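What follows is each chain in one-letter form.
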Amino acid sequence: MDLAGIWKVRMPDGSLYEAKFPGTLDTNGIGEKDKERLDNRLTRKHTFEGAAGLLRTIRIGELEQDKRSFFEVERARCLSLKCDGRECPEMGKGTLSTPYVFEVTDCVKKASLEGKEELELEVISDNSYPGLPQLGILTSSAATDETQTNWNGMLGFLRIRQKKQVFIDDVCLYPRGEFVDAHLVMDAGEDYTGELFLSCEAFDGEKTCRVSLRKGERKTFEIKEMSLKKDVKRWDEEEGNLYQVRIGGKNLEEKNVWFGVRDFGVSQRMRLTINKREFFLRGEANCAVFPETGYAPMEEERWTKILKTYASYGVNCMRFHSWCPPEAAFAAADRLGMMMQPELSHWDYQNAFGTEESYDYYKKELTQILRELANHPSFVMLSFGNELWSEEIGEERKEELLDYARKLDSTRLYAGSSNGHYGQWGTDVKSDFYTSHNYKEFFLRGAGANMEGHINQAYPNTRTNFDEGVRKIQEEGKPVFGFEVGQFEVLPEFDEIEKFQGVTQPVNYEMMRENAKERGELENWKEWVEATGEIALLGYREEIESVLRTEGMSGLSLLGLQDFPGQGTALVGMIDSHLDPKPHAFARPERFRAFFSPVVPLVLLDKYTYWNTEKLTAEILLANYGKSALRTAISWQIFRGSDQVVEGCFRETEYENQGLRKVGKIEQDLCLFEKAEQLRLVVTAGDYQNEYPIWVYPELERIAGMEREETYEFTDLQGTNIRIASVLDEDVKQYLRDGGIVYLEPKPLAENLPSSIGGQFTTDFWSVGTFPDQEGGMGMIIRTEHPIFRNFPTENHTNWQWWQMTCGRPLILPKQIKPILTVADSGKRLKHMGLLFEAKVGNGTVMVSGMELRFALQYPETRTLFHNILCYLGSQECHPSQELSVEELQKLVRNKEKESDIPVKK
């Protein structure tokens, strides 16, 4: 009996509403209106936390009296049930992640005997979680208002289901190698003895099992080591091979379930394996962001579309951050060949498993997830929650639960936490795998919240890896994969605001748009979004390739491809919060998939920038984590735009899968490139291709004395006198008043540039709302039409050749100044900033830099740009129209430079 439709809702104050279920109070417009204008997350239009009564009647005559009756709700919060005011028992199945089932047989019989035509159901739905670990639940993605919302209601199937007096309730199939075990749970309303049969195309013949139960008994029967056929098709990534199993017996309703044959484990080399083959985990963290409904879809069709979107970017494993999606998600993943890693509804960063109520609830949730999802081959791993912190008693209980989970189901891998203790404690003895952003003092990501990591701290190359830390982890017997890798913020795409038509309002987006409008930035906003997206894509690529270059690492899990509209508004994705790819070139799936695939050609470069007197020397590797060896002749080409300039090819070779394979070396003189150029180094291996930008510059003589700290005169080739200064002292001011030309570049210290922020190469990490100590830089928007770039190839956004320059300090500028190098700020702050600008001051001209060019002339890119600037300042083209007063300039640059220095980053 389908109970979808109109119900009544009784609120704690006695008010009564009509509502449609499946649904939530939010989708029915019930609850208090959110009065705050929240700038850190989406705003719920209606909100309610507590116990609500959900009521309706059912007609008894529509039920068969000789059968048992069960009230079932696929997904809810805390539920209890009364039938005609009488408490009904829950069968112990219901959790935040699994269906609630109440037996109402006795209530139906009693009402029928009393001659009633109708039975009143009153469901008490409570999203305050009485008696449960509230901190762990309310901070988890299962219930936080930061994403899914702490909704109250009933979702998915909503029904009375009738069964015979004796029925087969659960069927769990566990494939292991060439065999499969079956666990069958039967429930008897009367005595029963008989023989069960199990039939499946994958089995080597039909299997039988003798069973006997007494009335009122619920019993598990096991059939061990049923042989599989030799030619059985294995479930694998991108291969949704499934088999249907029929289970029945005399006077029993036949039950049909689907399952897949696969093995998931760990190799001797401490790497994750599927079907005994080492693979590269290309994961994504899903945080239950569904802004239109405030809850996860319950339909397989919707999940198929979602998972296909992720797969288009190269994802082969979905991690569900502190929540477990509905069974429809796993059914879709089964058919697509997408691996799944759910978690308990648990984010307790203080005292995980430290109380009895926490231990009891999460043991129940763990048990029911493993039973309900047992037959889904896509379900390969499970963690007990996100970033759990536990003390001694909690650690003991966690170890007990890990042993318990393996006893229930050893066909999956388990971990006590994702990023447990933030990696500070390292591995634990009982977990099957390790996933964290660091291992003790060893960082396992390229970038982090405080701009730590090689992407922001080391001169760019394509050799960096995490070998040292990974070896330590593997020595402790654990496979390891990266945790929440990426988190590079992108400026908001304001067109998405119109998509919000459901239960949440994008007030945080609207406030950022209002801020941008007030500051006059909307006109060029899309260009800014595109520029920040390109540098974010660059960061994601370097993170992924760093892991690919780490021989022992099993992969990584991203955070993330989808925008996260909470936690300060962390818009870090290639796809928006509605799971649509963003309408920009940086977000095209094929660009991401080029380096996030089972097979990726890799080039090891010492650097990206070269003099044309140098030789390009590089090694080529093939990361082959496909299902078979790849026989091919790997080639490489250097392109100028779309024109091929140089090429090379290695002999045809068979490259084994399951790891990194050496291909060969490139040695190429660069003397044929006579002018400054940005080139593309392209490597092709069969159907797989990867490319790297390189920059070549004609070698320039180092101008003697350029690194001097004091002010001095420089005469360019045209005979123009340019004063190069690091302080704005009286001499420099007077020089400007007299019509002189000044290049003003202090050492990039806060003391020297009082109106500035710290420099960084990448965009913000996650959000400045969550990590407010971040400086807020979001990469550069470059005026490529400016004359200084005629012999300095650049796009309009930051790329690797700008790394050294971004180590400086962006200046916070007066509004009338249009920088040559604009530095974007976070969407919440939007300070007007630049690393380089020119202006008229008095009768003179000043070019102000926060880039540290003079003190980093060992690099081709810095010396070339500095040379171009000086040439421009001495040319007839140097006539800036924007003006700056001496007083305004004094607010930007000190009149006396601080003597201390910072080292140039090598």
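Residues numbered from 1 in each chain as written. Predicted model: local features only at pLDDT ≥ 70, side-chain atom pairs only at ≥ 80, totals over all residues. Heavy atoms only, no water.

A. Representation of the overall build of the protein within the structure. When its secondary structure is counted, the protein shows 14 helices and 50 strands. Its C-alpha atoms give the protein a radius of gyration of 32 Å, within 12% of the compact-globule value 29 Å for 906 residues. Projecting the C-alpha coordinates of the protein onto the three principal axes gives extents of approximately 110 × 70 × 50 Å. Relative to its full complement of 906 residues, the protein shows a buried share of 63%. Once local pairs closer than 6 in sequence are excluded, the contacts in the protein between residues at least 24 apart make up 71%. Accessible surface, the protein as shown: approximately 34,200 Å² in total, 45% of it carbon and sulfur. Charge centroids of the protein, computed over 111 positive and 146 negative side chains, lie 3 Å from each other. (Helix = DSSP H or I, 4+ residues; strand = E, 2+ residues; numbered from the N terminus. Rg over C-alpha atoms; globule rule 2.2 N^0.38 Å. Buried < 20%, exposed > 50% of the residue type's maximum accessible area, 1.4 Å probe, protein only. Contact = heavy atoms within 4.5 Å. Areas by Shrake-Rupley, 256 points an atom, 1.4 Å probe, with all protein chains shown as cover. Lys, Arg positive; Asp, Glu negative; His and termini not counted. Charge placed at Lys NZ, Arg CZ, Asp CG, Glu CD.)

B. Examining empty space enclosed by the protein more closely. Per the stated rule, a full pass over the model turns up 8 cavities of 30 Å³ or more. Looking at the largest cavity, its volume works out to about 70 Å³. Considering the residues around the largest cavity, the lining is formed by Ile757, Gly758, Gly759, Gln760, Gly777, Gly779, Met780, Thr806, Pro810, Val823 and Leu835. Ranked by the residues each element gives to the lining of the largest cavity, the list is headed by strand β46 (residues 777-782), at 3 residues. Per-class residue counts for the lining of the largest cavity are 5 nonpolar, 6 polar and no charged. (1 Å grid on protein atoms, 1.4 Å probe; cavity = no way out; pocket = protein on both sides within 12 Å on 5 of 7 lines; lining within 4 Å. Points joined across faces, edges and corners; volume = space filled by probe spheres on them. Nonpolar A, V, L, I, M, F, W, Y, C, P; charged D, E, K, R; others polar.)

C. Summary view of helix α4 (residues 327-336). Most of α4 sits out of view: 7 of its 10 residues are buried. The complete set of buried residues in α4 reads Ala328, Ala329, Phe330, Ala331, Ala332, Ala333 and Asp334. Residues of α4 that are buried sit in contact with α3 (300-312) and β24 (339-341). Backbone geometry just after α4 places Gly337 at a positive phi near 75 degrees.

D. Up close: the sheet that holds strand β32 (residues 555-559). With parallel pairing, 6 strands are arranged side by side in an open sheet as β24-β23-β22-β32-β30-β27. Each edge of the sheet is formed by a strand with only one pairing partner; in this case those strands are β24 and β27 (434-436). In this sheet, adjacent strand axes meet at a mean angle of 25 degrees when their direction is disregarded. Pairing of strand β22 (residues 281-286) with strand β23 (residues 317-320) involves 4 bridges; the strand directions are parallel. In the strand pairing of β23, Glu284 is matched with Met318. (Pairing = 2+ DSSP bridges. Axes fitted to C-alpha atoms, helices over the stretch in contact; angles between N-to-C directions.)

E. The pairing of strand β15 (residues 207-213), seen in detail. Judged by which residues are buried, β15 turns out to be one-sided: Lys207, Cys209, Val211 and Leu213 face inward and are buried, whereas Thr208, Arg210 and Ser212, on the alternate face, are not. Bridge count for strand β14 (residues 192-199) against β15 is 7 bridges, and the pairing is antiparallel. Bridge pairing links Leu196 to Cys209 in β15.

F. The sheet that holds β15, seen in detail. Strand order in the open sheet formed by 4 strands is β15-β14-β17-β18, with antiparallel pairing between adjacent strands. The open sheet has two edge strands, β15 and β18 (255-259), and neither has a second partner. With direction set aside, neighbouring strand axes in the sheet form an average angle of 25 degrees.

G. Examining the environment of Asn241 more closely. Within the secondary structure, Asn241 is located in the loop between β16 (218-227) and β17 (243-249). When the C-alpha positions of Asn241 and Pro377 are compared, they lie 9.4 Å apart, and in sequence the two are 136 residues distant. When sequence neighbours within four positions are dropped, the list of residues in contact with Asn241 reads Lys233, Arg234, Trp235 and Gly260. Of the polar contacts made by the side chain of Asn241, one reaches the backbone oxygen of Arg234; its length is 2.7 Å. (Polar contact = N/O pair within 3.5 Å; in protein donor to acceptor, adjacent residues only side chain to side chain.)

H. Local environment of the nonpolar core. The biggest cluster of nonpolar side chains holds 181 residues, and the ones touching the most others in it are Trp303, Phe592, Trp802 and Leu865. With 12 residues, the single largest contributor to this core is helix α10 (residues 525-548). Not counting the four nearest positions on each side in its chain, Trp303 is found in contact with Phe290, Ala296, Pro297, Phe320, Trp323, Pro325, Pro326, Ala328, Ala329 and Ala332. Counting residues in each nonpolar core, the second largest holds 33 residues, with Phe21, Ala76, Val108 and Leu121 among its members. (Core = buried A, V, L, I, M, F, W, Y, C linked by side-chain atoms within 4.5 Å.)

I. Representation of the packing of helix α5 (residues 356-372) against helix α6 (residues 392-408) within the structure. Relative to each other, α5 and α6 sit at 20 degrees, their axes nearing to 11 Å. Between α5 and α6, the angle is such that the two are roughly parallel. Helix-helix and strand crossings are classified by hand; for α5 and α6 the assignment is right-handed. Note on element contacts: α6 touches α5 through Arg397, Glu400, Leu401, Tyr404, Ala405 and Leu408, opposite Glu356, Tyr359, Lys363, Leu366, Thr367 and Leu370. When its residues are assigned to classes, the contact of α5 with α6 shows 7 nonpolar, 1 polar and 4 charged. (Parallel < 35°, antiparallel > 145°, perpendicular 65-115°, else oblique. Left-handed = near helix turned anticlockwise from the far one by under 90°.)

J. Structural detail: the pairing of strand β33 (residues 599-604). When you tally the buried positions in β33, you get 6 out of 6 residues, the bulk of the element. As paired elements, β33 and strand β35 (residues 615-624) share 6 bridges and run antiparallel to each other. Along β35, the bridge assignment pairs Leu604 with Glu619.

K. The side chain of Gln760, seen in detail. Positionally, Gln760 belongs in the loop between β45 (741-744) and β46. The exposure class assigned to Gln760 is buried, which follows from its relative accessible area of 12%. Within polar-contact distance, the side chain of Gln760 engages the backbone oxygen of Gly777 at 2.9 Å. Ignoring sequence-local partners within four residues, the contact set of Gln760 consists of Met451, Asn456, Glu775, Gly776, Gly777 and Thr806.

L. Highlighting the packing of aromatic side chains. If you walk through the whole model with that rule in mind, you get 42 aromatic pairs. Aromatic pair Trp7 and Phe21: ring centres 6.3 Å apart, planes at 85 degrees, arrangement edge-to-face. Note that Trp7 is positioned in strand β1 (residues 5-10) and Phe21 in strand β2 (residues 16-21), a separation of 14 residues in sequence. Each member of the pair, Trp7 together with Phe21, is buried. For the pair Tyr439 and Phe442, a centre-to-centre distance of 6.5 Å together with 15 degrees between the ring planes defines the contact as stacked. Phe442 carries the same exposure label as Tyr439, and that label is buried. Through a chain of ring-to-ring contacts, the aromatic side chains of Tyr313, Phe488, Tyr540, Phe592, Phe595 and Phe596 assemble into a single cluster. Lying over the aromatic face of Tyr692, Arg541 brings its terminal NZ or CZ to 4.4 Å of the ring centre. (Phe/Tyr/Trp six-rings, centres within 6.5 Å; stacked < 30°, edge-to-face > 60°. Lys NZ or Arg CZ within 6 Å of the ring centre and 35° of its normal.)

M. Geometry of α6. For α6, with 17 residues, the first-to-last C-alpha span of 25 Å sits near the 24 Å given by 1.5 Å per residue. Considered for burial, the residues of α6 that qualify are Gly394, Glu395, Arg397, Lys398, Leu401, Leu402 and Ala405. Down the axis of α6, the smallest arc covering the buried residues is 160 degrees, so these residues share one side. Facing away from the buried side of α6, by more than 90 degrees, are the exposed residues Glu392 and Lys407. Summarising the contacts, the buried residues of α6 are in contact with α5 and β26 (413-415). (Expected span 1.5 Å × (residues − 1). Arc of directions from axis to C-beta.)

N. Molecular detail of the environment of Arg277. Structurally, Arg277 is set in strand β21 (residues 277-278). Of the residues examined, Arg277 reaches a relative accessible area of 8% and is grouped as buried. On a C-alpha basis, the gap between Arg277 and Asn657 in space is 8.8 Å, while along the polypeptide they are 380 residues apart. Setting aside residues no more than four positions away along its own chain, Arg277 makes contact with Asp236, Glu237, Leu272, Gly626, Lys627, Asn657 and Gln658. A distance of 3.2 Å separates a polar atom in the side chain of Arg277 from a polar atom in the side chain of Glu237.

O. A look at the side chain of Ser97. By secondary structure assignment, the location of Ser97 is in the loop between β8 (86-88) and β9 (100-103). At 2.7 Å, the side chain of Ser97 forms a polar contact with the side chain of Glu365. Once you skip the residues sitting within four places of it in the chain, Ser97 turns out to touch Arg75, Cys324, Ser345, Glu365 and Ile369.

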